[in-house]
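One letter stands for each residue in the lines below.
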Amino acid sequence: GPLIETYLATQVLDAERRAAVIEGRSIVAAGTPPLVAWACDADIALEVAADGVFEVEFVEAPEPVETLGGEPWGRVQWRRGGRLDGGERGIALRDIAHATYQAGTARTLVEAASEHARTRTQFGRSIGEFQAVAHPLADCAMDLSAAALLARRAAFLFDEAVAAGKAPGNDVLAAAACARMSADRAGLQAVSVGHQVFGAIGITLEGPAFHITRRIRQLASQNAHATERGEAVLASMAAPSDLGATA
């Protein structure tokens, strides 16, 4: 189901609809047109834009779109309504949930690839004994640990802001954005290394990896407003930015 979208929705919907989404009685789609995950199944649709989160109304029924990861996406045409309160909280929590999901999924892949490298033999040795196999796996493990720590730090800052009764500031938004971008990068690297370690069985539908790698790639493709997140990170460091000119 739309796990990450649900986290966002809990921060912006009214109490009645929030409870329905949390309990699974309603399904929420949240994204940026024209392609939005879960749009064809959604009872509630939200647009996530650079300037906030907006409730929307479909102009016509979404057109189903097949996806690599198996999620039911839809090509949408909708009409934007009012801006919802709590958009900053929703976007920050969505990015934290995305980073956590991505890092955890990719770590599962790296662990499976490491076990395969330990038991698969070639030239009379396990392939994991070769540095060309072991070192890339170790690099992936370190990068994913870093992404998980960034997500944990962002979650801590988010909780601090909520406990103080404040909307997440630029520091929270930047930390969440940084965690998401780090997890996507580390996840895609794990996909590349994982497929090399598994070899041919890594790309078979019934194999041990493809059902994981396609989810990682699908998540990483949900990267609308990457420039704005990059700008937020640079702003939090008081660094000059030319992302708008190069994106």
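Presented here is a report on the structure given in the accompanying data block.

Conventions we followed
Residues numbered from 1 in each chain as written. Predicted model: local features only at pLDDT ≥ 70, side-chain atom pairs only at ≥ 80, totals over all residues. Heavy atoms only, no water. Buried < 20%, exposed > 50% of the residue type's maximum accessible area, 1.4 Å probe, protein only. Helix = DSSP H or I, 4+ residues; strand = E, 2+ residues; numbered from the N terminus. Pairing = 2+ DSSP bridges. Axes fitted to C-alpha atoms, helices over the stretch in contact; angles between N-to-C directions. Parallel < 35°, antiparallel > 145°, perpendicular 65-115°, else oblique. Left-handed = near helix turned anticlockwise from the far one by under 90°. Contact = heavy atoms within 4.5 Å.

1. Side note on the pairing of strand β3 (residues 44–49)
Link 1 in the chain: The buried fraction of β3 amounts to six of the six residues, a majority that puts the element mostly inside the structure.
Link 2 in the chain: Residues I44, L46 and V48 of β3 are buried on one face, and the alternating residues A45, E47 and A49, pointing to the opposite face, are buried as well.
Link 3 in the chain: Bridge count for strand β1 (residues 28–31) against β3 is four bridges, and the pairing is parallel. Looking at β3, one finds that A30 is bridged to L46.
Link 4 in the chain: For β3 and strand β4 (residues 52–58), the ladder comprises four bridges, and the chain directions are antiparallel. Its bridge partner lying in β4, L46 is registered against E55.
Link 5 in the chain: Hairpin connection from β3 to β4: two residues lie between these consecutive antiparallel strands.

2. Describing the packing of helix α5 (residues 170–198) against helix α6 (residues 210–221)
Link 1 in the chain: Remark: α5 packs on α6, axes separated minimally by 9 Å, with the N-to-C direction vectors making an angle of 150°. With respect to their mutual orientation, α5 and α6 come out roughly antiparallel. Here α5 and α6 pass one another in a crossing that is left-handed. Side by side, α5 and α6 meet where D184, G187, L188, V191 and H195 of the first sit next to F210, T213, I216, R217, L219 and A220 of the second.

3. Quick word on the environment of T6
Link 1 in the chain: Following the sequence through the fold, T6 ends up in helix α1 (residues 3–9).
Link 2 in the chain: Spatially, the C-alpha atoms of T6 and I27 are 8.0 Å apart, while their sequence positions differ by 21 residues.
Link 3 in the chain: Not counting residues up to four positions away in its chain, the partners in contact with T6 are V21 and V28.

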